[in-house]
Structure formats: C-alpha cells, structure tokens
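The residues making up each chain are set out below.
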Amino acid sequence: MTPPTPRLFLIRHGETEWSLNGRHTGTSDIPLTVRGEEQIKSKAHILVGEGKPIDPQNLCVALVSPRQRAHRTFHLLFEHLSKVPDHIIDESVREWDYGKYEGLFKHEILAIDPKWDIWRDGCPGGESAQEMHDRVDSVIAKVREYHRQYFEEGKGTRDVLIIAHGHFNRVLISRWIKFELALGTRFNVEPGGVSVLSYNHNSLDEPALNALNLYADLK
C-alpha cells in the first residue's frame with residue numbers, strides 16, 4: 001500500500017516591527033510584536049495537534065532559523081500541547097544575508113543603487129543571488145532525502161516543518177517547483193503564513209506547491 005504523500009510545511013515567522021515597516025531584516029535579531037505573537041497563537045489550535053494539518057506524530061524533523069522571531073514562532077505554535085516536538089536550530093534556513101543593506105528600507109537602497117534588484121544582484125557584503133540559490137537548494141535536498149526515506153524505505157514519518165523568513169521562503173518555494181530563484185518575487189509570503197509543498201501523482205519527481213499563505217493575517 002502506497003503511503004501518504006510526504007509534505008513540507010513552510011511557515012514564515014510572525015510580524016516584527018521591521019517586517020511591519022519594511023526594513024530588510026536578515027541577521028538582526030528582532031523580536032515578534034505583540035500582534036505578531038497573537039497571529040501565531042490564534043492559528044496554533046487550528047493548525048497544530050493530533051488530527052490537525054501539522055500533527056506532531058507525523059513530524060519527521062522540524063528545522064528552525066536561529067533568529068528569535070522564528071524560534072519564538074515555533075514555540076508559540078506548539079505551546080498548547082503537552083510536549084513541544086524536538087527541533088533543530090539550523091543556520092541553513094536563516095534569512096537572506098542583506099550585508100550592507102541590513103536594516104534599510106528599499107527606497108534607501110535604491111538611493112544607493114537605483115538599478116538594484118535583490119533577485120539578480122544579491123546584497124553587497126552579504127549573500128549573492130547565487131549563494132542564496134545554492135543554500136536553499138541544499139535545504140531542499142535535505143528535505144527530499146527525509147521524504148525519500150519515508151516514502152521509499154518506510155523510515156521516519158511523513159512531514160517536515162521549516163520555520164523561516166520572507167525572502168528565504170519565497171526562494172524555497174520557487175526552487176522547490178524547479179523554477180529559477182527570481183520567480184520568488186512573484187510569491188507574497190505573509191507574516192505567520194503557512195505554505196504547503198508536496199508532490200503530484202505520488203511521485204517524488206513531481207514537486208508541487210499545494211498551498212500558500214494559509215491562516216495568514218491578510219490585509
């Protein structure tokens with residue numbers, strides 16, 4: 001009997017002051033706002049638990065960015081349960097390193113370089129677009145190996161969870177479905193939004209986007 005198709009739940013952290021006002025937030029360790037915490041708490045009982053979309057019994061691994069906004073989001077999602085699942089604090093799922101553009105608004109960056117496009121140019125002193133491409137592809141390869149072991153060898157369980165960031169998630173969605181990194185500009189990933197990535201026709205050779213911005217606080 002064919003097991004259920006494996007899934008990746010990809011969640012952006014809740015709102016921060018900088019995500020609200022549009023500053024580029026990479027390495028800066030900005031906490032969630034009160035509203036950001038409520039965004040996550042309000043969906044936790046709907047999203048997480050036995051028989052819910054994210055069932056801890058189905059979690060093979062949870063990868064969480066080292067930034068406190070992501071780690072706090074993870075704990076808020078699971079704090080209503082009797083036990084918080086094991087998770088890995090993983091630098092590979094950190095946000096794009098904005099380098100010299102860290103903390104700047106887009107209009108401030110364009111005043112420095114009017115032709116700047118992060119999807120093409122990356123960030124001076126931070127990560128290039130190719131470096132981001134390669135890092136995200138390495139994360140995808142890791143997730144797909146978990147999925148392969150479950151689906152083909154019966155090892156582990158069905159789902160992987162990643163708690164990460166806006167640009168990182170947009171790049172991962174684009175690369176998951178075998179498009180170029182720059183297509184990520186076409187996906188809006190809202191604070192607290194849940195994306196579901198899986199496969200068509202029960203085939204690990206056909207990666208697909210199942211859902212985008214589930215439970216997000218859309219404006």
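Keep in mind the model is a prediction, meaning the values are calculated, not measured. (Residues numbered from 1 in each chain as written. Predicted model: local features only at pLDDT ≥ 70, side-chain atom pairs only at ≥ 80, totals over all residues. Heavy atoms only, no water.)

Asks: Explain the sheet that holds strand β6 (residues 207–214) to me, and be specific about the residues and the numbers.
Replies: Spatial strand order, β3-β2-β4-β1-β5-β6: six strands in an open sheet with mixed pairing. Edge positions in the open sheet fall to β3 (88–89) and β6, since each of these has one partner strand only. Here strand β1 (residues 7–12) runs beside strand β5 (residues 194–199); their pairing, made up of four bridges, is antiparallel. The residue of β5 that forms the bridge with L8 is L197. Packing against the sheet, helix α6 (residues 129–153) makes contact with β1, β2 (59–64), β4 (159–164), β5 and β6, and its axis sits at approximately 155° to β4. Each of β1, β4, β5 and β6 is contacted by helix α7 (residues 166–176), which is oriented at about 155° to β1, the strand it contacts most. (Pairing = 2+ DSSP bridges. Helix = DSSP H or I, 4+ residues; strand = E, 2+ residues; numbered from the N terminus. Contact = heavy atoms within 4.5 Å. Axes fitted to C-alpha atoms, helices over the stretch in contact; angles between N-to-C directions.)

Asks: Can you lay out the environment of N210 for me, pointing to particular residues and giving the numbers?
Replies: Inspection of the secondary structure puts N210 in strand β6. As a C-alpha pair, N210 and K142 span 68 residues in sequence and 20 Å in three-dimensional space. When near neighbours in sequence (up to four residues on either side) are disregarded, N210 contacts V196 and S198.

Asks: Help me get a handle on helix α2 (residues 34–47), residues and values and all.
Replies: Because the α-helix completes a turn every 3.6 residues, residues three or four places apart line up on one side. With 14 residues, α2 extends 20 Å from end C-alpha to end C-alpha; this agrees with the ideal 20 Å at 1.5 Å per step. Taken residue by residue, α2 has G36, E37, Q39, I40, K43, A44 and L47 as its buried positions. Here the buried residues of α2 occupy an arc of 150° about the axis, which is enough to place them on one side. Facing away from the buried side of α2 by over 90 degrees, the exposed positions are V34, S42 and H45. Contacts made by the buried residues of α2 are with β1, α3 (68–78) and β5. One or two steps after α2, the chain reaches G49, where phi turns positive at roughly 145°. (Expected span 1.5 Å × (residues − 1). Buried < 20%, exposed > 50% of the residue type's maximum accessible area, 1.4 Å probe, protein only. Arc of directions from axis to C-beta.)

Asks: Could you give an account of the environment of T185, with specific residues and numbers?
Replies: Of note, T185 is situated in the loop between α7 and β5. Considered as a pair, T185 and W119 are 66 residues apart in the sequence and their alpha carbons are 7.5 Å apart. Discounting residues that sit within four places of it in the chain, T185 has contacts with W119 and R170.

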